[in-house]
Amino acid sequence: MSSISTAGRMNMAGAILALSVCALSACSFAPRYERPEMDMPNQWRKVEVGAAPLNTDWWTRFNDPVLTAMVDEALKNNQDLAESLAKIDSAASQVGVATADLLPSVSGSASSMAAGASEKTPNTMPFNKAGLDRTTTTNQAALNASWELDLWGKYRNNYTMLSDILMSTVIGHEGLRLSVAGQTAQGYFALLALDMQLDTARRTLKTREDAFSIYTSRYKQGDITELDWQRARAEVEIARAQVHTSTVSVDKAEAGLAVLLGRSPRDIMERGMPRGHAIGMLPSPPVVPEGLPSDLLQRRPDVRASEFTLMAYNANIGVARAQFFPSISLTGMLGTVSSAVGSLFTGPAGAWSYGVSGSMPLLDFGRTWYNVKDAEARKNASIAVYRKTVQTAFQDMRTSLTAQREADAIVRSMQIQVESLRRATTIARLQYDNGYTDYLTVLDAERQLFAAELQLASALRDRLNSVVSVCMALGGGWSDPGASPSFPVVSTEKLLEQETSTGSLGKAPVSGKPAVQPVSKQPSGQEQAKGGVSL
């Protein structure tokens, strides 16, 4: 009996060893990942522009310290970014859970129980006659271990899926930083444009009030008709209403910037926004060299995050398919059992066990099959999202390049229009004062001038916004065809290696060091005097 028992234990140990080896070299039922094929251009459409490189910290190149300080403050205090960082911690924690699922689970247990037996059950003789005690005490302490063998790749694919989700979350945070920087710059430019419109409205109001005072005197003297006087009065109120409207818009823009910068409720209510250069004094927008390689768009955070999400859903198919196959676990226990605490840790009290257990779904009415179909459908949906993201990236690039190319021409046209209308207004007033034309001609010239001056402020804003749009479409700027984005591209291998070494990915840096950017040539004094700068 002893030899049989020993042989049985040896066979059991051999079986467990074989299963462990199989687990370490297990297969995976996840499909092999392949990036969806798309008809990508080798180069973007030819644009007649220069060849000055765009700095990846593009907001610093507007030479406005106030703008630079605002973007830095937003990247530090914005609450959307704080939420995004917390989501990275959460995703990293899920990766840690998935890592633990790949390893054995060890637990400890201890118990002390006393029990009293009944003497009134069938075929039970009194304990005192049998020389037994009705009361028994059992003390137990044990270490328990279990390990579900990942023969079919269920847990490894789950780890891969959660790692890809983590990478998507990290890169999504990178994209959010780019978005916050862009929104801050655009909000600042909008505020400067509104300041210019408010100044225009106030100046126009002052001019019309002065003219109305003269017209009132002339009306009292009978030199002009009541019709002209009423029209002049109405024009004064139109300008006054525009002053109030622009004041509301300026206040709204300041409040929006304060929230974007993450300021406190007290600061939102009581603290104003500083200004740097006037919007007409900011440098002319840079241009983007022609023939940028199309793979530059692969650096866009939204495109890269979308691809990691697609990879996650691809791995999830392997998790679902593994449910069709048996679940096999190794279990073991090493401990002591004794009726007396004093002898609990003695040799004769020792107890142990080990074994193999398995389970397999036999009839689940299609639950596992539908889970696989759901996983495949989710992957197909993520493929569509990825394709749409790439399409949107090229749409953004095309429209932003065109807008930037045309924005400067629009500003020049608006400036010429304003200059011509100012001259026309002066001529109309002189002719009216000398009786060569009617007041309607003066009103028409003044109205056109007022509208053109307001539109010029918007055109200056749009020209600067076009620079921001190009930078965001490029994923944060570029300096050469092999440049890195403005925010570091995260290395999956480095991130996961860091997670396993520190055990707390959320507490450690999650991005690699940014590639060293070439130092861009500083603009000459002559270039700065022209209001242009090479970015």
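Quick summary incoming for the structure in this document.

Glancing now at the pairing of strand S3 (residues 327-338). Two elements, strand S2 (residues 135-149) and S3, share 11 bridges in a ladder whose sense is antiparallel. In the sheet register, alanine 145 faces S3, and the bridge partner there is glycine 332. Bridging between S3 and strand S4 (residues 350-359) involves 10 bridges; their strand directions are antiparallel. Bridge pairing in S4 places isoleucine 328 opposite glycine 358.

Next up on the list: the packing of helix H6 (residues 226-260) against helix H10 (residues 439-473). The N-to-C vectors of H6 and H10 enclose an angle of 10°; their axes lie 10 Å apart at closest approach. Between H6 and H10, the angle is such that the two are roughly parallel. Seen from H6, the contacting residues are Asp228, Arg231, Ala232, Glu235, Ala239 and Gln242; seen from H10, they are Tyr439, Leu440, Leu443, Arg447, Phe450 and Leu454. A per-class count over the contact of H6 with H10 returns 7 nonpolar, 1 polar and 4 charged.

On to unusual backbone geometry. Even without being a glycine, asparagine 63 presents a positive backbone phi close to 55°. Assignment of secondary structure puts asparagine 63 in the loop between helix H1 (2-24) and helix H2 (65-77). Using a relative accessible area of 38% as the deciding quantity, one classes asparagine 63 as partly exposed. Of note, the phi angle at phenylalanine 365 is positive, near 55°, even though the residue is not glycine.

Here the structure, examined in full by the defined rule, presents 28 salt bridges. Residues arginine 263 and glutamate 73 are paired through a salt bridge, measuring 3.0 Å at the closest nitrogen-oxygen approach. Here arginine 263, found in the loop between H6 and helix H7 (265-270), pairs with glutamate 73, found in helix H2; they are 190 residues apart in sequence, far enough to count as distant. Residue classification places arginine 263 among the buried positions, given a relative accessible area of 10%. With a shortest N-O distance of 3.8 Å, glutamate 270 and arginine 266 are connected by a salt bridge. Of this pair, glutamate 270 and arginine 266 are both found in helix H7, 4 residues apart, which corresponds to roughly one turn of the helix. Each member of the pair, glutamate 270 together with arginine 266, is exposed. Because the salt bridges share partners, they merge into one network encompassing Asp195, Glu254 and Arg275.

Turning our eyes to something else, we now look at H6. With 35 residues, H6 extends 51 Å between its outermost C-alpha atoms, agreeing within 8% with the 51 Å of an ideal straight helix rising 1.5 Å per residue. Within two residues after H6, glycine 262 carries a phi angle of roughly 75°, on the positive side.

Of all the 12 residues making up strand S1 (residues 105-116), 0 are buried; the element is thus mostly uncovered. Pairing geometry for S1 and S2, over 12 bridges, is antiparallel. Bridge pairing in S2 links alanine 114 to threonine 137.

Reading the values: rules and limits
Residue positions within a chain follow its written sequence, with the count starting from 1. In view of the model being predicted, local features appear only for residues whose pLDDT reaches at least 70, and side-chain atom pairs are presented and counted only at 80 or more, with totals across whole chains, interfaces and linings using the full set of residues. Values shown for side chains rest on all heavy atoms present in the structure; no hydrogens or waters enter the calculation. Two strands qualify as a pair provided DSSP detects at least 2 bridges between them. Going along the chain from the N terminus, every DSSP run of H or I of four or more residues is numbered as a helix, and every run of E of two or more is numbered as a strand. Between the N-to-C directions of two axes lies an angle of 0 to 180 degrees, each axis being a line fitted to C-alpha atoms and, for a helix, fitted only over the stretch in contact. In this scheme, roughly parallel covers angles under 35 degrees and roughly antiparallel covers those over 145, while 65 to 115 is roughly perpendicular and the rest are oblique. Whether two residues are in contact is decided by their heavy atoms: any pair within 4.5 Å suffices. Under the convention adopted here, Pro, Cys and the residues Ala, Val, Leu, Ile, Met, Phe, Trp and Tyr are nonpolar, Asp, Glu, Lys and Arg are charged, and Gly plus all remaining residues are polar. A simple rule labels every residue: compare its accessible area, found with a 1.4 Å probe on the protein chains alone, to the largest value its type can have, and call it buried under 20%, exposed over 50%, or partly exposed in between. A pairing counts as a salt bridge when a side-chain nitrogen of Lys or Arg comes within 4 Å of a carboxyl oxygen of Asp or Glu. Expected helix span is taken as 1.5 Å per residue step, with the number of steps being one fewer than the number of residues.

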